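# Structural characterization, general
Listed below, chain by chain, are the residues.
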Amino acid sequence: MYTIKQEVDARGMACPGPLMELVRMAKKAQPGDVIAVISSDPGSIKDIPAWAEKVGHRLLEVIELDNRARKFVIEIQARKPL
Amino acid sequence: MKPYRILIVGGGVGGTLLANLLVRRLRPEEAQVTLLSRDGEHVYQPGWLYVAVEDEEETELSRPEKELLRQEVFFLHDEAERFDLDRRQVWTHSGERVPYDMLVIATGSRLDLDRIPGLREGAHHFYSAVGARNLQHALRAFRGGRIVIGIGGMPFKCPVAPLEFTFLLDDYLRRRNLRQQSEIVYTFPIGRCFPIESVAELAQRYLDERAIRTEFFFDIDGIDPERRRISSLVGELEYDLAVIIPPHRGAEAIIASQIGDEEGWIPTDRYTLQMEGVEQVWVIGDATNIPISKAGSTAHYQAHVVAERITAFVRDQEPEAHYDGHVQCFLELGEGKATLLDFNYEMPPSPPRPSRFYHIAKKLFNRAYWYLIPPGRI
Ligand SMILES: Cc1cc2nc3c(=O)[nH]c(=O)nc-3n(C[C@H](O)[C@H](O)[C@H](O)COP(=O)(O)OP(=O)(O)OC[C@H]3O[C@@H](n4cnc5c(N)ncnc54)[C@H](O)[C@@H]3O)c2cc1C
């Protein structure tokens, strides 16, 4: 189980959008923190996992909500040495 | 009945327009409108984009706030230092206590240059009058090399501005015959050049055409001014000139009064624009925590909604106006072309084919701003 430390509801927010909200939250978060974003953008399905993979955070789960919205839950990982 | 005391804090795009709309709608017996603002000058921030990269200055960057306000608005030139929402009063820098019946917070956003190590010393930006002027000097002295554009933190106002700057910079270097000796690198913290996919695809075509290099997932976390390097989660980049959008925060008074989140954004209902859990307080423009573009057009549409809701409140009517998430931004693509992003909570943007028309429209709007927006003509 996990406890979500910060969550943003970005439904209907075309710009800056759900992924940019994750970037924002991730920047302030500590390794081990769990953050979440709710998105109604179909593009998030590929964008958010791709981002998590690239910057080294862990996608814990994607929860289907009503109205085609999804909640993406991310665990922040320690920064990899370059 | 005594007239309601309406206090608006912040005389930027949103606050100025709202003050004028309210005194137009409400009779003096119904309400007295006070605008409390720190700056005696009203600035047109979109004009800063052009300061650094245009040879001539056509855009008028500021006008005295008082000239933009209808005479029925009482202008208080002071800074709000503490919001006391329980007692419905605001304390100002000069020690004055300003009581109100209704409050609107429109204090915009501010730059937090110390949030990223090395940012202040190592990079330029065009997000303030001084920053834009310094960048203008740096570019005039530039003789070639690598210019890196990047995002120092989220959120930042006018999310299209870094792309616009990049295209206008390309034009500028070509005009000065410096483009061949220069490399432009546009970086962005996610996997494409703009959050909205359709817009990113369009802009990427223009970036490719102009041979502008891109680096993605580039979430800047430090700048080393000595070694001229910018670091991110995914790697480092060397630069000769760095143009980095500084991290933004809400007003200090919001943080000091503990009425917002830790970054100073005020929890706001996305439809009614009322401050969450607080009656008779509304928030507009950059100051809200709504995860939508921080833009002048956002503040503009929101001011109209709050004017209607306050009018309904004063007249004891059911408020009907809701903010639908409407935002409208031009996107300059260089070589005299632009497009338009127009969207709301329900409808993502689908930008029209870039053309001279939108570029000219943006340029005209830059001049017409003073006539159109603060007085509430549109
Ligand atoms: C380079 C650049 C380009 C841009 N381009 C565009 C564009 O093309 N289109 C667009 O829509 N938007 C654009 N924007 C964004 C736009 O300028 C802002 O989003 C907009 O000004 C926000 O309006 P506001 O009323 O919330 O705040 P502001 O207009 O920033 O006004 C805030 C006001 O509050 C006052 N204030 C702050 N703190 C206090 C206090 N404690 N007490 C009293 N007064 C206080 C300030 O003095 C200021 O007058 C651009 C911004 C920049 C920097």
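Residue positions are given per chain, counting from 1 as you read along its sequence in written order. Labels are handed out in written order, letters beginning with A for the chains and numbers beginning with 1 for the ligands. Whole-chain, interface and lining totals are the exception, using all residues; otherwise, since this is a predicted model, local features are given only for residues with pLDDT of at least 70 and side-chain atom pairs are given and counted only at 80 or more. To obtain the side-chain values, all non-hydrogen atoms of the structure were included, while hydrogens and water were left out.

## Brief notes about the domain arrangement of chain B
Residue and element names in this part refer to chain B. Taken domain by domain, chain B holds domain 1 (4-108 + 251-314) and domain 2 (113-247). Start and end positions for the domains come from either an automated domain assignment or a database one. Of note, the centres of domain 1 and domain 2, computed from C-alpha atoms alone, are 31 Å apart. Note on definitions: buried area is the accessible-area loss of two parts on being combined, 1.4 Å probe, summed for both. At the boundary of domain 1 with domain 2, total buried surface from both sides reaches about 1,600 Å², with 60% on carbon and sulfur atoms. When the buried surface of domain 1 facing domain 2 is broken down by residue, W48, L49 and V53 rank first, second and third, together holding 40% of it.

## Examining the sheet that holds strand β14 (residues 220-224) of chain B
Note: strands within a sheet are paired through backbone hydrogen bonds, in either parallel or antiparallel orientation. Residues and elements named next belong to chain B. Note on pairing: DSSP must find at least two bridges between two strands before they are called paired. Here a helix means four or more residues in a row that DSSP labels H or I, a strand means two or more in a row labelled E, and each is numbered from the N terminus. Strand order in the open sheet made by the 3 strands is β14-β15-β16, with antiparallel pairing throughout. Edge strands, defined here as strands with exactly one partner in the open sheet, are β14 and β16 (235-238). Averaged over neighbouring strand pairs, the angle between their axes works out to 20° when direction is ignored. Fitting a line to C-alpha atoms yields each axis, with helices limited to the stretch in contact; the angle taken between N-to-C directions then spans 0 to 180 degrees.

## Here's the deal with helix α5 (residues 129-141) of chain B
All names here are of chain B. Between its first and last C-alpha, α5 extends 19 Å over 13 residues, near the 18 Å set by a 1.5 Å rise per residue. Within α5 the residues assigned to the buried category are G131, A132, L135, Q136, A138 and L139. Close packing links the buried residues of α5 with α2 (48-51), β11 (145-151), α6 (161-175) and β17 (241-245). One fewer than the residue count of a helix, multiplied by 1.5 Å, yields its expected span. Each residue's exposure class comes from its accessible area (1.4 Å probe, protein chains only) as a fraction of the maximum for that residue type: buried when under 20%, exposed when over 50%, partly exposed otherwise. Every residue pair with non-hydrogen atoms within 4.5 Å of one another is taken to be in contact.

## Examining the site of the ligand
Residues and elements named next belong to chain B. Only heavy atoms are used to decide nearness, and a residue is near a molecule or strand if one of them lies within 4 Å of it. Taken together, 31 residues lie near the ligand, and G14, D39, A80, D286 and G296 sit nearest. In the model, a nitrogen atom of the ligand is placed 3.1 Å from a nitrogen or oxygen of the R38 main chain. With respect to the ligand, the side chain of Q45 contributes an N or O atom lying 2.9 Å from an oxygen atom. Reported accessibility uses the Shrake-Rupley method at a 1.4 Å probe radius. Residues are deemed covered only where the shown protein chains occlude them. Within the complex, 93% of the 1,000 Å² of free accessible area of the ligand lies under protein. Elements supplying a minimum of two residues to the shell around the ligand: α1 (13-25), β2 (31-37) and α9 (296-314). At 3 residues, the largest contribution of residues to the shell around the ligand is made by α9. Polar here means any residue other than Ala, Val, Leu, Ile, Met, Phe, Trp, Tyr, Cys and Pro, which are nonpolar, and Asp, Glu, Lys and Arg, which are charged; Gly is therefore polar. Of the residues in the shell around the ligand, the class split is 12 nonpolar, 11 polar and 8 charged. The residues that make up the shell around the ligand include at least three from each of domain 1 (4-108 + 251-314) and domain 2 (113-247). Here a polar contact means two N or O atoms within 3.5 Å. Within protein one must be a hydrogen donor candidate and the other an acceptor candidate, and residues neighboring in sequence count only if both atoms are side-chain atoms.

## Focus: the sheet that holds strand β2 (residues 34-39) of chain A
Residues and elements named next belong to chain A. In space, the 4 strands of this open sheet follow the order β1-β2-β4-β3, with mixed pairing throughout. A strand with exactly one partner marks an edge of an open sheet, and here the two such strands are β1 (6-9) and β3 (58-64). In this sheet, neighbouring strand axes are inclined to one another by 15° on average, regardless of whether the strands run parallel or antiparallel. Of the strand pairs in this sheet, β1 and β2 are connected by 4 bridges, and their pairing is parallel. When the sheet's bridge partners are listed, Q6 is paired in β2 with I35.

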